[in-house]
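Commentary on secondary and tertiary structure
The lines below spell out each chain.
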Amino acid sequence: MQLINGPGTHTVAARDYVLQVRSAPPEAILAEPDGRIWARLSLLASVDRVDVPDESVDVGAPVVRTLADDGATPTHDGFVVEVRLTTDSTAWDHRTTVLRCFEDRVEVTVHVEGQGRVSTVRLLGGRAALRSGACGSFRSGIEFASVYVPTPTEPVDVVRPAHAPATLGVLGDALPGRLHGVFSPPPLCLALGRSLADGATDVPAGPWLSLAVLAPVSALRFTELRYQPSDGGFHLELDYDGHTVVQQELTTPTLVLRPVPDPWSALARYRDDLVSRDFAPAAGPAPADWWAEPIFCGWGAQCARAPLPGDPLTHPLFLADLPSAVVPDGLPVAADLARQDVYDELLDHLAAHDVVPGTVVVDDRWQAAYGSAEPDPQRWPDLRGWIRARHERHQRVLLWWKAWDADGLPADWCVRDVTGHAVAADPGNPAYLEGVRRIVGRLLGPDGLDADGFKVDFTQRSPAGTGLVPHREPDGGATTWGVAGLHALLEALYRAAKEVKPDALVVTHTPHPSFGDVCDMVRLNDVLERDVAGRPVPVADQLRFRHAVATASLPHHLVDTDQWPMPDRAQWRSYVAAQAAFGVPALYYAERIDRTQEPLRDDDLALVAATWRTYRAQRTALVGSQPAGVP
């Protein structure tokens, strides 16, 4: 690596890139080794407090110097180059943006000193009043064409134009502008590309530049990472919601920019970075034989028996196309059919067609209350006995677990709003953590229901908002929040499950490398519908994309391929045929497809039976013996 000083410039010539630092405005222009520019990286930043926006004033020139190599990534010349821009701030005593240049990457952090509650952090741009008289918001310059986003979204748009925003985090649902929590959290890693995609799941050839957020999971106290473009510029935002208190100083998570050949390499290198710094586990769990058995989850069949209230399959064009705003009295909805008799009927029907799952997921809603997780006696008069009967048939039973839900929990175990209403379970509250341990003991313990684990859902319902009131330690220190809060929530559930039943299976939709220690299997989650032009996206294409993300991020974990919702019978058949190549087959349907009410014929269930036989035979050959629990 070389540092070349010229008139008004400092140029770093590294093995994999060139970075030229300029002063007015303060920026670092990142380019490929041949000089083709990736982006004009703004050295400005903003770390807003809840009470004061952070603006840079008296912005001078960045300082560039060489430092002895720290040994993390040895360089040929034994040094790294550091770029520092310190400015006066309207919110902090001092704020400094730091770039550190290694042979293969550039690392960016922002450091503040002072006191306050952090609301939003902006990296690679921020608000300022420059000496030139230019004021307002400043951004980094876009010289790339596209952005790869490693989370499913609606519309389906894996590689989108550079001017389209993207959000990664632990918030979301099916409402407009929020359907990006299908993976929650996904890898916090974007990739910038030179070419536009040809389709919803197409990934063009390289080169690419990855942007990844690197920190221990306990420091990920924000709810969302947002790529925010505007015209020809962009910055990144981290939303802390005011629940991170700075008492003396704070350094943001490290943003790593690295040239890579493709997005899958970006995800793999991201995981390697986290593992090498002990921010993520190096290995996966030791799997029990039965974990890889085909799964039946009753949700799709429940929906098929009682149409799920909500938007129709296609986006409605007219008011007349909208469903009823109120569910008519007496109309059963899908959750009403999580019943003991219904599941027996479904499983008996499948068994008559030689479709016998090794694992059965009892889905939403077997509970009388989501948070306290007591079985509903009207729907499950003898859940313990039912689970015992399934065990006698060499089947395991997972219980669907709705993360975060406060229903049935004491209010003082929960994050509350300003009125005192319980909004979400609070993993920072010792009382809640002890409560989870007792609840899990009752659900999985031999003297309780004796279930075999959990399918965890709704991790995207993390609490968010500056007005919420979480538990805080007496010293006023850090609150458990954001991505870190979700990890703490899952850790409590996971540790309790393993304490009661060491081979318990915990399935989550959290394909972030640092969540490898709180899940055993990654679920690919609900299938989406259409691309940005309104065209249907083949479900098997979505399966391939999601599998690639999950296995790059958590290569030692099993994958639950999911299967809901399917747009029609033909698409369902294509999904069934593809599943075994991408993880553990999961069946959601037994009698008909919910969206179209097309019946599943004998040949349809024969397709499932055949694919499961082939999958089991291949798995048996791979492990060298017949696994326990296979009928």
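Residues numbered from 1 in each chain as written. Predicted model: local features only at pLDDT ≥ 70, side-chain atom pairs only at ≥ 80, totals over all residues. Heavy atoms only, no water.

1. Observations regarding unusual backbone geometry
- At the junction of E154 and P155, the peptide bond is cis and its omega measures out at 5° in the coordinates.
- Its place among the elements puts P155 in the loop between strand 15 (146-148) and strand 16 (159-161).
- Following W564, the chain continues into P565 via a peptide bond in cis, with omega recorded as -10°.
- Relative to the elements of secondary structure, P565 occurs in the loop between strand 32 (558-560) and helix 8 (569-579). (Helix = DSSP H or I, 4+ residues; strand = E, 2+ residues; numbered from the N terminus.)

2. Thoughts on the sheet that holds strand 25 (residues 359-362)
- In spatial order, the strands read 32-31-30-29-26-25-24-33; together these 8 strands make up an open sheet with parallel pairing. On the outer flanks of this sheet lie strand 32 and strand 33 (586-587), each paired with one strand and no other.
- Along the sheet face, helix 3 (residues 340-351) touches strand 24 (295-297), strand 25 and strand 33 and points at about 150° away from the line of strand 25.
- Along the sheet, helix 5 (residues 430-444) contacts strand 26 (396-402) and strand 29 (453-457); its crossing angle with strand 29, the most-contacted strand, is approximately 125°. (Pairing = 2+ DSSP bridges. Contact = heavy atoms within 4.5 Å. Axes fitted to C-alpha atoms, helices over the stretch in contact; angles between N-to-C directions.)

3. Concerning the confidence of the model for the chain
- Taken as a whole, the chain shows an average pLDDT of 94; of its residues, 94% reach a score of 70 or greater.
- Considering only residues more than four positions removed or in separate chains, one finds that residues 624-631, a stretch of pLDDT under 50, has 15 contacts. (pLDDT = per-residue confidence, 0-100.)

4. Section: the side chain of T510
- Among the secondary structure elements, T510 is positioned in the loop between strand 30 (505-508) and strand 31 (521-523).
- Side chain to side chain, T510 and T508 meet in a polar contact 2.6 Å long.
- When near neighbours in sequence (up to four residues on either side) are disregarded, T510 contacts S184, P185, T459, L490, F515, C519 and L554. (Polar contact = N/O pair within 3.5 Å; in protein donor to acceptor, adjacent residues only side chain to side chain.)

5. What about the side chain of T459?
- Within the secondary structure, T459 sits in the loop between strand 29 and helix 6 (482-500).
- Among residues more than four places away in sequence, those in contact with T459 are V170, S184, A403, W404, L486, L490, H509 and T510.

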